[in-house]
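Descriptive structure summary
Residue-level listing of the chains:
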Amino acid sequence: MAAQEFVMQVWRGDSSGGAFKEYRIPASEGMVVLDVIHAIQAKHATDLAVRWNCKAGKCGSCSAEINGKPKLMCMTRMNSLDTSQPISVAPMKTFPIIRDLVTDVSFNFEMAKRVPSFKPRPKEADGTYRMQQEDIDRVQEFHKCIECFLCQNVCHVIRDHEENKKHFAGPRLFVRYAALEMHPLDTNDRRELLKERMGLGFCNITKCCTEVCPEHIHITDNAIIPLKERVVDEFYDPIARMIRKITGK
Amino acid sequence: MSNGSAALQDIKTLKNVKTLRKDAWWVEPLLTFAVLFSFVVYATFRAFEDNYYYVAPYLSPFYSPCLVDTCAHVSWRIFGKMWLITPAMLILWIPGGFRMTCYYYRKAYYRSWWLSPPACAVRDGHTTYTGETRFPLLIQNIHRYFFYFATVILLFLWWDAFEAIHFPDGYGVGVGTLVLTLNATLLSLYSLSCHSCRHLCGGHLDSFSKNPGQYGVWKTLTKLNERHMLFAWVSLIWVALSDLYVRLLATGMIHDIRIF
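All values reported here derive from a predicted model rather than from experimental measurement. (Residues numbered from 1 in each chain as written. Chains lettered and ligands numbered in written order. Predicted model: local features only at pLDDT ≥ 70, side-chain atom pairs only at ≥ 80, totals over all residues. Heavy atoms only, no water.)

1. Here we look at the overall build of chain A
Across its full length, chain A carries 10 helices and 7 strands. Each of the three principal axes of chain A carries a C-alpha extent, and together these read 70 × 40 × 30 Å. Looking at chain A as a whole, 57% of its 249 residues are labelled buried. The contacts of chain A with a sequence gap of at least 6 include a subset with a gap of at least 24, amounting to 62%. Accessible surface computed for chain A: about 11,000 Å², of which carbon and sulfur atoms make up 52%. Mean positive and mean negative side-chain charge positions of chain A (36 and 33 charges, respectively) differ by 2 Å. (Helix = DSSP H or I, 4+ residues; strand = E, 2+ residues; numbered from the N terminus. Buried < 20%, exposed > 50% of the residue type's maximum accessible area, 1.4 Å probe, protein only. Contact = heavy atoms within 4.5 Å. Areas by Shrake-Rupley, 256 points an atom, 1.4 Å probe, with all protein chains shown as cover. Lys, Arg positive; Asp, Glu negative; His and termini not counted. Charge placed at Lys NZ, Arg CZ, Asp CG, Glu CD.)

So this is what it looks like as structure tokens:
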């Protein structure tokens, strides 16, 4: 039988600390977690801070940890949760809390500034670029990213080891690096940067980023591992290096 | 362990919380640990048992290729009588290394053995973390070399499957033939779905349209790669069962059934 009301335990607090506060909201059919949070705002806590925008899983604003799992609040239906128990909603753990469910995600934008830009090869004789659909199919998967930063949030490299933020770009940025590195027109080589200063070697392939991605991007299999293999080509494969030297490719 | 609702009331800061997950997140790493641990124990026992690995025409995959003169069935005489310990040690480091450095198994054992992290959104079991940036984990980067060596071993396993139709009384097919053929098939699927294989066969290219042949291979390998985890587990379990089948035959505990 469907719950008559939802019992929510929502994190209230700021960078100095806080607590989970319980709220009870009448259940309606089709509600998602963000609807319930809005109902709490409307009826019980008008000062509850929450970041949201599209309510359609495309803006990447309403990332949170629902029952401890990183998810978009707007895409998590209440009937997918065990509503016989209280539902916890907490802010993303990896980023500094500003207030309640709102975190400071500027780390991601700082890391984005360090990505060497797209550098296309010279145009062809007729002044255009040409590439085929099969050349960019692979890259288009990466362009689905909505920058919700759930992958960055769940990645234990920075989630549990704050000190690694200095030298670890994180899965979202690795997706961006992969999109550029695999682009048929791009001529920049970012492999040394990835190895030395972006911390690609910190990733131990535990695939949590892939598990939480609301756009179902195969972050580990299609972005991070191919980047690791490209780094191996350049730095850890003496035979490949020798062949490249001999063939000049 | 997960935090129940009562425990939530005591939390004053989120930084030190191990996890807020309420589901049984520990089941998957526990099962993974149990299966991998069982395999390691069984494989180690069989490698050092140095017996019951051949019964005509079946050679256990744990001893193939057998490269020593003293083997019950010599695949390729390379080491003569100089090799004094079990011949399995000459070859098992190759599939062992291939699986140890495999991108899928890394996920499996980093989670279940090393607790780094034990599950998503569950706190890492270690206070410091350097990932695969330092020795010895830097060795993970030579996965493709293990892939090359494992491919050679695989060729021998296919040869063994072919040899498994040569019975002392002529050609035929027994249950063991099917067991060894399926073993070679599953190990082939596991190898071909390898991320390094996918990269080497086409993934390294930026422009597929200029290399249509490699693009075709890459697309096929990508489809296999999507099931790499499945092939990793099924092939692991089947290779152990194949060895067990040969052992049971060799010890006389069961008898092979000739299909024709």
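2. Quick notes on helix H2 (residues 106-113) of chain A
Residue and element names in this part refer to chain A. Among the residues of H2, Phe 107, Asn 108, Met 111 and Ala 112 are the ones counted as buried. All buried residues of H2 lie within an arc of 140° about the axis, which places them on one face of the element. Lining the buried residues of H2 we find helix H4 (150-154), helix H5 (156-159) and helix H6 (171-181). (Arc of directions from axis to C-beta.)

3. So, unusual backbone geometry
With an omega of 0°, the peptide bond running from B:Ala56 to B:Pro57 counts as cis. Cis geometry marks the peptide bond from B:Ser116 to B:Pro117, where omega comes out at -5°. As for its position among the elements, B:Pro117 is in the loop between helix H5 (103-112) and helix H6 (143-163). Within the chain, A:Lys55 stands out as a residue other than glycine whose phi angle is a positive 60°. Note that A:Lys55 resides in the loop between helix H1 (33-43) and strand E3 (63-66).

4. Quick look at the nonpolar core
Note on soluble globular proteins: their nonpolar side chains tend to be buried together. Residue and element names in this part refer to chain A. Core analysis: the biggest nonpolar cluster contains 77 residues, and Met 8, Ile 37, Ile 40, Met 73, Phe 174 and Tyr 177 have the highest contact counts within it. By residue number, the principal contributor to this core is H6, which donates 7 residues. Taken domain by domain, this core gets at least three of its residues from each of domain 1 (5-103) and domain 2 (106-247). Once you skip the residues sitting within four places of it in the chain, Ile 37 turns out to touch Val 10, Leu 48, Val 50, Met 73, Val 89 and Leu 101. (Core = buried A, V, L, I, M, F, W, Y, C linked by side-chain atoms within 4.5 Å. Domains from an automatic or database assignment.)

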